[in-house]
Amino acid sequence: MAKQLTIFVENRAGRLKTITDNLRKSNIDIRAFTIQDRGDYGLLKLIVDKPNDAYLALANLGCACALKDILAISVPDQPGNFHRLTSALAEHNVNVIDAYGFVLQPHNTGVCCMEVDQPQLMKAQEIVAEAGFTVLQDEELYSL
Amino acid sequence: MIWKEDIECMDSTGLKALQSDYLKKLIPYIYHNCPVYRQKLDAAGVNPDRIKSIDDIKRLPFTTKEDMRDHYPYGLFSAPQDRINEIHVSSGTTGNPTLVGYTKDDLKLWGDVMARVLCCAGAEPGDTIQIAYGYGLFTGGLGFHYGALEMGLRIIPTSAGQTARQLKIMQDFQPRILGCTPSYALYMAEEAKEMGIDPTQGHWKIGVFGAEPWSESMRREIEAAWNMLATDVYGLSEIIGPGVAQECRHKDGLHVFSDVFFPEIIDPQTDEEAPEGQDGELVITTLTKQGIPLIRYRTRDIVSARYEKCRCGRTSPRISKIKGRTDDMIVVRGINVFPSQIEHVLVGIEGTQPQYQIVVDRKAHHLDEVEVLVEVEQRFFSDEIRHLNDLRERIRKEIQNVLSVGVKVTLVEPKTIERSVGKAKRIVDKRTL
């Protein structure tokens, strides 16, 4: 299953740079990122090519960070597909905590990264697969 | 006017005889009524019957805040609880609160010293006083109340807060005397301007301000804003509450009512008497209290003292404004705050030593704000916003419950709180007092 690296970042100048600087030094390639802003702090969420290495690099620095299993779902880039996905999850009463997406241009494929409540994760994976989507395993995701 | 002129202006020989007389009675009284003190006095080799003069006080052991906490609730009382008429409780440093109790005579003493305070500030019989110190477990409100009752002033017991109403009452009843914390006096001036009231035309002519440290520049600010005389009152609940010392109109030191609250200035490092005029820790013995009399109580307040007669005629020693603390206590909106209280809360939440810092600031509106920075260590860290918010809210509520002061909790990255030689700096006080 795909791994997301979540990092606690204070909302002030230069904090992101410290993190990106360390990822660069560890030769980590960032596939996707998003930031949730909460006023005085935010959470930086990353999809990277070597999640364990990235985690260790940051944890050794003393960063508050965590690796988490998420759903990375391949969604063809056409109208209505995201709706199909959310409908399938809603039908089975699966709550989405956070989600973000990116589109891979050459393939016209969208990737939707979804956090759901951990106990529902396996169930969500089955629901998504039944609805006809491909859930990307970590190697598939990182080698995109 | 001087409330107890015979005592407040007594020559040094007479004063010393009075103090000696009190101490000779006090020590046997405590020794025979308080087992905790008896043990302390025995351990120090003090024979209570050999106390002959106030000079013997130097042979007596100190009493500390920790003693009060360790013997909570009644261990340091010398009077039985059925003789206690009133109790006040303040939050303690780490768990146990500090309890003080007054017998009927202690309450009379409180009224007497507070009447001296109000007279010393310049109140005259027939004056009206607005008491905007909090009434309740905090000693400020009731202490002023008893003093004003004793003096026969007309009392408006507004208690703290509800500023618009405070200002309306000032306009409607024209009290000449105001009692509140100095920061609240400034805050009310700002609010008055907002409401279209010109504070320089206000009715308060004399302010008796205390319960928190303040500076000469703050005094000038208050005096200019309200066109009033701003005086400083000193006290602490362990000794009596407000009523230990007060400035007269010359504003040249606070007169200690030393016939009943005997002051010593000591070097906190050596515990020896500090040279006259030097800064040191103020130590007070309550010479006449019955409920919970304290011997050589370490106030942790740093002051200096002078002993010459004042232009006002009072002969009592005068202490400076508080210049600092020997511990890490800070006063926020008149409430004593110890970092250990906050630490206690955080340990309770996560079970291990947390990294935190307390930032106190006084912004444009003159009220203190407390921000508690807590490092989000790996063990605190949840990768979901809602859990982090819950954590922050829980910390905020629990700290607020313990301190009775509103705080803002900010989560910060690990290792961002300033440390010197491995020890985090717990308090950043940005207030310019």
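Residues numbered from 1 in each chain as written. Chains lettered and ligands numbered in written order. Predicted model: local features only at pLDDT ≥ 70, side-chain atom pairs only at ≥ 80, totals over all residues. Heavy atoms only, no water.

Once that is clear, we can look at the overall build of chain A. Broken down by element type, chain A carries five helices and seven strands. Ordered by position from N to C terminus, the α and β elements of chain A give β-α-β-β-α-β-α-β-β-α-β-α. Compactness check: chain A gives a C-alpha radius of gyration of 16 Å against a globular reference of 15 Å for 144 residues, within 12% of the reference. Dimensions of chain A along its principal axes, counting C-alpha atoms only, are 40 × 30 × 25 Å. Once local pairs closer than 6 in sequence are excluded, the contacts in chain A between residues at least 24 apart make up 68%. With the model as given, the accessible surface of chain A reaches about 7200 Å², and the carbon-plus-sulfur share is 50%. (Helix = DSSP H or I, 4+ residues; strand = E, 2+ residues; numbered from the N terminus. Rg over C-alpha atoms; globule rule 2.2 N^0.38 Å. Contact = heavy atoms within 4.5 Å. Areas by Shrake-Rupley, 256 points an atom, 1.4 Å probe, with all protein chains shown as cover.)

Turning our attention to the overall build of chain B. Each helix and strand counted, chain B has eleven helices and 23 strands in total. Against the globule reference of 22 Å for 433 residues, chain B gives a C-alpha radius of gyration of 22 Å, in line with a compact fold. The buried share of chain B, taken over its 433 residues, is 59%. In chain B, of all internal contacts separated by at least 6 residues, the share reaching a separation of at least 24 is 65%. For chain B, the exposed area adds up to about 17700 Å²; of that, 49% sits on carbon and sulfur atoms. With 55 positive and 62 negative side-chain charges, chain B shows a spacing of 1 Å between the two charge centroids. (Buried < 20%, exposed > 50% of the residue type's maximum accessible area, 1.4 Å probe, protein only. Lys, Arg positive; Asp, Glu negative; His and termini not counted. Charge placed at Lys NZ, Arg CZ, Asp CG, Glu CD.)

With that out of the way, let us pick up the domain arrangement of chain B. Put simply, an interface is often sized by how much accessible area is lost when its parts join up. As assigned here, chain B comprises domain 1 (82-327) and domain 2 (335-429). Taken over C-alpha atoms, the centre of domain 1 of chain B sits 31 Å from the centre of domain 2 of chain B. (Domains from an automatic or database assignment.)

So, about the domain arrangement of chain A. Residues and elements named next belong to chain A. With domains assigned, chain A is organised as domain 1 (2-68) and domain 2 (70-142). The centre of domain 1, based on its C-alpha atoms, is set 22 Å off from the matching centre of domain 2. On the side of domain 2, twelve residues touch domain 1, which itself brings 13 residues to the contact. Carbon and sulfur atoms supply 54% of the area buried between domain 1 and domain 2, which totals about 1300 Å² over both sides. Broken down residue by residue, the surface that domain 1 buries against domain 2 is led by A2, I47 and K68, which jointly contribute 46%. Taken together, domain 1 and domain 2 are joined by six residue pairs in polar contact (both at pLDDT 80 or more). Those elements that provide at least two residues to the side of domain 1 that touches domain 2 are strand 1 (2-10), strand 2 (30-37) and strand 3 (41-48). Ranked by residue count, the leading element in the side of domain 1 that touches domain 2 is strand 2, at four residues. Taken together, the residues that form the side of domain 1 that touches domain 2 break down as five nonpolar, three polar and five charged. (Buried area = accessible area lost by both parts, 1.4 Å probe. Polar contact = N/O pair within 3.5 Å; in protein donor to acceptor, adjacent residues only side chain to side chain. Nonpolar A, V, L, I, M, F, W, Y, C, P; charged D, E, K, R; others polar.)

This part covers the pairing of strand 4 (residues 65-76) of chain A. Residues and elements named next belong to chain A. With nine of twelve residues buried, strand 4 is to be regarded as a mostly interior element. Bridge count for strand 1 against strand 4 is six bridges, and the pairing is antiparallel. Note on strand 4: the bridge partner recorded for Q4 is K68. Examined bridge by bridge, strand 4 and strand 6 (residues 109-116) share six bridges and lie antiparallel to one another. The residue bridging L71 from the neighbouring strand is M114, located in strand 6. As judged from the two bridges shared by strand 4 and strand 7 (residues 134-135), these two strands associate in the antiparallel manner. Within strand 7, the position partnered with I73 by the bridge is V135. (Pairing = 2+ DSSP bridges.)

All told, the structure shown has eight aromatic pairs over all chains when counted by the stated rule. Ring geometry for F8 of chain A versus Y41 of chain A: centroids 4.9 Å apart, planes at 25°, classification stacked. Placement of the pair is F8 of chain A in strand 1 and Y41 of chain A in strand 3, with a sequence separation of 33 residues. In this pair, the class of F8 of chain A matches that of Y41 of chain A, namely buried. Taken together, the ring pairs in this structure connect Y102, W110 and Y146 of chain B into an aromatic cluster. (Phe/Tyr/Trp six-rings, centres within 6.5 Å; stacked < 30°, edge-to-face > 60°.)

Residue and element names in this part refer to chain B. With 22 residues, helix 2 (residues 12-33) ought to run about 32 Å at 1.5 Å a step, and its terminal C-alpha atoms sit 31 Å apart, in line with that. Regarding helix 2, the residues found buried are L15, L18, Q19, S20, L23, L26, I27, P28, I30 and Y31. For helix 2, the secondary structure elements touched by its buried residues are helix 3 (35-43), strand 10 (261-266) and strand 11 (280-286). For helix 2, the N-terminal cap is D11; the gap from its side-chain oxygen to the backbone nitrogen of T13 is 3.0 Å. (Expected span 1.5 Å × (residues − 1).)

Bringing the interface of chain A and chain B into the picture now. At the junction of the two partners, chain A supplies 23 residues and chain B supplies 20 residues. Of the roughly 1800 Å² buried where chain A meets chain B, counting both sides, 50% is carbon and sulfur surface. Among the residues chain A hides against chain B, the three largest losses belong to F8, D40 and Y41 of chain A. Together they make up 29% of the total. A salt bridge links R392 of chain B to D40 of chain A, with the shortest nitrogen-to-oxygen separation between them at 3.0 Å. Across the chain A-chain B interface, the total number found is five residue pairs in polar contact (both at pLDDT 80 or more). (Salt bridge = Lys/Arg side-chain N within 4 Å of Asp/Glu carboxyl O.)

Here the structure, examined in full by the defined rule, presents 48 salt bridges over all chains. A salt bridge links D69 of chain A to K3 of chain A; the shortest N-O distance between them is 2.6 Å. In this pair, D69 of chain A is assigned in strand 4 and K3 of chain A in strand 1, connecting sequence segments 66 residues apart. Judged by its relative accessible area of 25%, D69 of chain A is partly exposed. On the basis of relative accessible area, K3 of chain A is assigned to the partly exposed category, the value being 27%. Here the residues in one salt-bridge network are E66, D271, E281, R298 and R300 of chain B, joined through shared partners.

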